[in-house]
Amino acid sequence: MRSFWAIWWDQLDEVYVQVLLFFGLLTLVISIFASPGKDATEEEKSANSARYLESISIFFAVALATSIQTFCDWGKERQFLRLREEVLKQRVTVLRGQYGTTQDVLASQLVVGDVILLKAGDKVPADCLLIEEMDMKVDETAYGLTDDAIANAAVVKQCSYDDAAEDEKNPDPILLTDSTITAGFGKAVVLAVGSNTRREAELAETGQELTMSKQETPLMLKLEVLSKIISTIAYMILAICAVVFGLVWLLQVMFSDTPLVSGDSIFRLIGLAQTAVALLICCIPEGLPLVISMAMAFSVDFLKQDKLLIKNLDALETSGMITNVLCGKTSTLTTGDIVVGRLCMDGGSFNPESPEVNLALIKRLQNTVLLCSDVTMRMTENSYSPVGSPVEVGLIDMLMKQEVDVNELLVERERKYTLRLWIPFSSDRRRMTVAYQLPDEETVRVVVKGGPEYVVPMCSRQLDQNMDTPEFMGAAHDGEGYQEDVVRQLTSERLKPLTIAYKDMGLDDFLALYESNEKFETEETRANLENDLTLVATVGLVDELREEVTDAILRLNEASTNLRIVSGDHRDVVIQTAVELQMLGNETDTEFVHSSDELLENLKELMVEKEDEAEGRGLTFAFRDDACKARFSKELKQRIVAVYRATPELKHMLTAAFRISGSTVAVTGEGLSDARALSEASVGFAMGEDGCEAAKEHADVILTDDNFLSIVNAIRWGRNIQDNVRKFIQF
């Protein structure tokens, strides 16, 4: 961080300060070299001797203002350091006890020898050795890779090679601090922490210092325009004064006995020049930067009380200018405490806590849920509790209410089952796929869970009460009927539908398919695995809206800020949510509701991808021409209220469209795929509880409680700063 004197010196770069110093120096020179004429009275001589006090008063005012602003900026940077320490309080999942029981600890509490769990979106908290992994890729651009390597920054990390032909190569099992997991997951043992890591050693060797990022915020741009206007007016006044005072001086000399070139005439001219300079100085609001710094300094601590961690202090200024908020639904508009409300199996709808179905069918459901789950069990004093995404935790809670010993079964999964494939859930795929080798060592069970419109068409059979698997044409009339009867019934009750399906295949068949399809790394090859499934069940997930959200949205609307829901949920659920939040008149008012595919197609006609060299946002989007920009503003912008089944690409493109079309746009995000949209936004809000470390790194503000009301508070504080600036300008 900068020293106090370095910050003070930087204040001299302000235009206001430089103008004041120039005219203060000019006044001092005039007062030193000017002297009253011989015929001057004693009063004029006394006044002249005190002329230098005017310049001293200007220097004193500048010194006082810059010193106060330096103290504010110095305190602001110290606040930034404290906030950064809060941001960097990364929590890490560490194996404790037997068979995979976990605890969450701070990264600063790690010690050499700890075994940690890492997944896509996590930042590596220490230098580690990978001991178990599944298709792990890591971004190591923080370690100064070459340009060629940056283009392929996702470095493959492996403990060993499965293919004997690759034994001549050396696998790369080393994970470096602050690198980001971009794909896969794994376990790693800690090798070095703190100052002993390679990252800290490089920083110490290069002498790099932590600096606050500076970017042109909308408030700064407006003040810059104001500054130019004030400067123009001030110089116009100076020019007018020069002409008028020059004429006055000339007339005084012409109609008096004083010679044109004499001490008295020059003294009068200097006096008139000093008056003009004084008028110019009065036009310059030299305290304006100070007002902004003080308003921000006093706001930051209060923001922390409102569950907001400000990573980029410039974002606090920008938040007051926000006109559009692109917000997800789960955990932000809703409580995030997801529970299973209904369980639909074999044509029936049951209470998920005690379904009246065949016990064998329930056991199969429990098995598929546990296999296709990435939750970990956290130790408490007397029990275990599931830790993971809200949906995963909700499914595990359902099993626990069915009196299933989840911890014991997860331990059994670790000991007796062999993981063969893991494709995590993503906003693009809308499903998760895993493959485990069963304890008989001859069978591989493939389990898929996700949105019913994606999973049901993959099914060719349905599991019934007798554990038989009658034919079920999921991609034809059976699937359409299932969507209409079962899924529509769940969504009409504002339940989020999630379908679970599986298939068993021989180990040799799976391995042959795995090798012939390039390890299922593309969607085309995955389609050869995700087919001929057996439909097990569809669950309806309950996720209640937060009580305070409706009032908060009304307050935003009154402040000319619009909320747009950009959600990955089912169409009917998103529409009902928008109606409940009074964003739509009724469920038939679908003119303002768009599917991700439809909106993405429209935006691709108007925009192209490009490299943002001006602001360093990386890959961004731009309108093809002014006509496309005008078309978006007139035809699309005001018609977007809610988007369902949103993808990361759509979210990023929509954010760019709003920003480039003149809106100050805020975006919420929690996943690795949200990083580009968060960077693109005027202000990016990351979820503190459910958000991954990659999302937090790209965000400007972290919501420690994942609550939409915290966004409203950030906008309120930003506008408070604007009001202070406006009042000062009016004063």
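What counts, and where the lines are drawn
- Residue numbers here run from 1 along each chain, matching the order of that chain's written sequence.
- Totals for whole chains, interfaces and linings use every residue, but because this is a predicted model, local features are given only for residues with pLDDT of at least 70 and side-chain atom pairs only at 80 or more, for both listing and counting.
- Side-chain measures here rest on the full set of heavy atoms in the structure, leaving out hydrogens and waters.
- Here, nonpolar core refers to any group of buried Ala, Val, Leu, Ile, Met, Phe, Trp, Tyr and Cys residues whose side-chain atoms link them within 4.5 Å.
- Between buried and exposed lies partly exposed: a residue is buried under 20% and exposed over 50% of the maximum accessible area for its type, with that area taken using a 1.4 Å probe on protein chains only.
- Here a helix means four or more residues in a row that DSSP labels H or I, a strand means two or more in a row labelled E, and each is numbered from the N terminus.
- Axis geometry follows a simple rule: fit a line to the C-alpha atoms, using only the stretch in contact for helices, then measure angles between N-to-C directions, giving values from 0 to 180 degrees.
- Crossing handedness: left-handed means the near helix sits turned counterclockwise from the far one by under a right angle, and right-handed means the same turn made clockwise.
- Residues count as neighbours in contact if any of their non-hydrogen atoms are within 4.5 Å of one another.
- Amino acids outside the nonpolar list (Ala, Val, Leu, Ile, Met, Phe, Trp, Tyr, Cys, Pro) and the charged list (Asp, Glu, Lys, Arg) are all regarded as polar, and Gly is one of them.
- Here a patch means residues that are over 30% exposed by relative accessible area and free of salt bridges, tied together within 9 Å if like-charged and within 5 Å if nonpolar (Val, Leu, Ile, Met, Phe, Trp, Tyr).
- Each accessible area value is a Shrake-Rupley result obtained with a 1.4 Å probe; residue values ignore everything except the protein chains displayed when judging cover.
- Just to be clear on terms, a salt bridge is a Lys or Arg side-chain nitrogen sitting within 4 Å of an Asp or Glu carboxyl oxygen.
- Paired strands, as defined in this entry, are two strands with at least two bridges between them according to DSSP.
- A helix is expected to reach a length of 1.5 Å times the quantity of its residues less one.
- Think of a polar contact as two N or O atoms within 3.5 Å of one another; within protein, one of them needs to be a possible hydrogen donor and the other a possible acceptor, and neighboring residues in sequence only count if both atoms come from side chains.
- Between 30 and 60 degrees the pair is tilted, below 30 it is stacked and above 60 it is edge-to-face, where a pair is any two Phe, Tyr or Trp rings, Trp via its six-membered ring, whose centres lie within 6.5 Å.
- The predictor rates its confidence in each residue with pLDDT, a number between 0 and 100.

### Some points on the nonpolar core
- Within the largest apolar cluster, 40 residues are counted, with the highest numbers of intra-cluster contacts made by Leu-333, Phe-685 and Phe-708.
- It is helix 25 (residues 708-730) that provides the largest number of residues to this core, a total of seven residues.
- Counting 38 residues, the second largest nonpolar core, distinct from the first, contains Leu-365, Leu-371, Val-406 and Leu-410.

### Focus on the packing of helix 11 (residues 359-371) against helix 12 (residues 390-401)
- Packing of helix 11 against helix 12 leaves a shortest axis separation of 10 Å and a crossing angle of 145 degrees. Seen along the crossing, helix 11 lies across helix 12 with a hand that is left-handed. Note on element contacts: helix 12 touches helix 11 through Leu-395, Ile-396, Met-398 and Leu-399, opposite Leu-365, Gln-366, Val-369 and Leu-370.
- Each residue belonging to the contact of helix 11 with helix 12 can be placed in one class, and the counts come to seven nonpolar, one polar and no charged.

### Quick look at a nonpolar patch on the surface
- A cluster of nonpolar side chains, Ile-240, Val-243, Val-244, Leu-247 and Val-248, forms an exposed patch at the surface whose accessible area comes to about 420 Å².
- Inspection of the secondary structure assignment puts Ile-240 in helix 7 (residues 218-254).
- Overall, the relative accessible area of 52% leaves Ile-240 in the exposed class.

### Regarding the sheet that holds strand 27 (residues 701-703)
- Ordered by their spatial adjacency, eight strands build an open sheet running 8-27-26-25-9-20-24-21, and the pairing between neighbours is mixed. Because the sheet does not close on itself, it has two edges, and the strands there are strand 8 (308-310) and strand 21 (593-595). For this sheet the average axis-to-axis angle between neighbouring strands, irrespective of direction, equals 20 degrees.
- Two elements, strand 20 (residues 562-566) and strand 24 (residues 642-644), share two bridges in a ladder whose sense is parallel. Opposite Val-566, over in strand 24, you have Val-643 as the bridge partner.
- Along the sheet, helix 19 (residues 571-580) makes contact with strand 20, strand 21 and strand 24, crossing strand 24 at roughly 160 degrees.

### As for unusual backbone geometry
- Even without being glycine, Arg-430 reaches a positive phi, approximately 60 degrees.
- As for its placement among the helices and strands, Arg-430 is situated in the loop between strand 14 (418-423) and strand 15 (431-437).
- Positive phi, close to 65 degrees, is recorded for Gln-582, a residue that is not glycine.
- As for its placement among the helices and strands, Gln-582 is situated in the loop between helix 19 and strand 21.

### Examining helix 22 (residues 648-660)
- Between its first and last C-alpha atoms helix 22 spans 18 Å; for 13 residues at 1.5 Å apiece the expected length is 18 Å, and the two agree.
- The element helix 22 is largely enclosed, with a buried count of 11 among its 13 residues.
- For helix 22, every residue scored as buried is listed here: Pro-648, Leu-650, Lys-651, His-652, Met-653, Leu-654, Thr-655, Ala-656, Ala-657, Phe-658 and Arg-659.
- Two residues or fewer past helix 22, Gly-662 is found with a positive phi of approximately 110 degrees.

### Some details on the pattern of salt bridges
- What the rule picks out here adds up to 27 salt bridges.
- A salt bridge links Glu-523 to Arg-429; its shortest N-O distance comes to 3.1 Å. One end of the pair, Glu-523, is in helix 17 (residues 523-526); the other, Arg-429, is in the loop between strand 14 and strand 15, with 94 residues separating them in the sequence.
- The exposure class assigned to Glu-523 is partly exposed, which follows from its relative accessible area of 34%.
- The network of salt bridges with common partners includes Arg-429, Arg-431, Glu-523, Arg-526 and Glu-530.

### Observations regarding helix 11
- The end-to-end C-alpha distance of helix 11 is 18 Å, a good match for the 18 Å that 13 residues give at a rise of 1.5 Å each.
- Where helix 11 begins, one side-chain oxygen reaches toward the backbone nitrogen of Ala-360, 2.8 Å away; that side chain belongs to Asn-358.

### Focus: the packing of aromatic side chains
- Throughout the structure, instances matching the rule amount to eight aromatic pairs.
- Taken together, a centroid distance of 5.8 Å and an interplanar angle of 65 degrees make the contact between Tyr-514 and Phe-520 edge-to-face.
- Of the residues examined, Tyr-514 reaches a relative accessible area of 11% and is grouped as buried.
- Measuring from centroid to centroid gives 5.7 Å for Phe-623 and Phe-632, while their planes differ by 45 degrees, and the two rings are tilted. By the burial criterion, Phe-623 is buried, and Phe-632 matches it.
- Each residue in the set Phe-510, Tyr-514 and Phe-520 is aromatic and connected to the rest through ring pairs, giving one cluster.

### A few points about the environment of Arg-564
- Relative to the elements of secondary structure, Arg-564 occurs in strand 20.
- Among the residues examined, Arg-564 registers a relative accessible area of 4% and is labelled buried.
- For the pair formed by Arg-564 and Asn-324, sequence separation is 240 residues and the distance between their alpha carbons is 7.3 Å.
- Beyond its immediate sequence surroundings of up to four residues, Arg-564 is in contact with Asn-324, Val-325, Leu-326, Cys-327, Lys-637, Gln-638, Ile-640, Val-641 and Phe-658.
- Of the polar contacts made by the side chain of Arg-564, one reaches the side chain of Asn-324; its length is 2.6 Å.

### What about the confidence of the model for the chain?
- With 80% of its residues at a pLDDT of 70 or more, the chain has an overall mean of 81.
- Mean pLDDT across the elements of the chain ranges from a minimum in helix 5 (residues 147-151), with 39, to a maximum in strand 16 (residues 443-450), with 96.
- This model gives residues 145-152 a pLDDT under 50, and the stretch forms three contacts once residues within four places in sequence are excluded.

### Section: the environment of Val-683
- Mapped onto the secondary structure, Val-683 falls in strand 26 (residues 683-687).
- The sequence separation of Val-683 and Ala-666 amounts to 17 residues, and the corresponding C-alpha distance is 4.8 Å.
- With near-sequence residues (within four places) excluded, Val-683 lies in contact with Ala-315, Thr-318, Ser-319, Ile-322, Val-665, Ala-666, Val-667, Asp-700 and Val-701.

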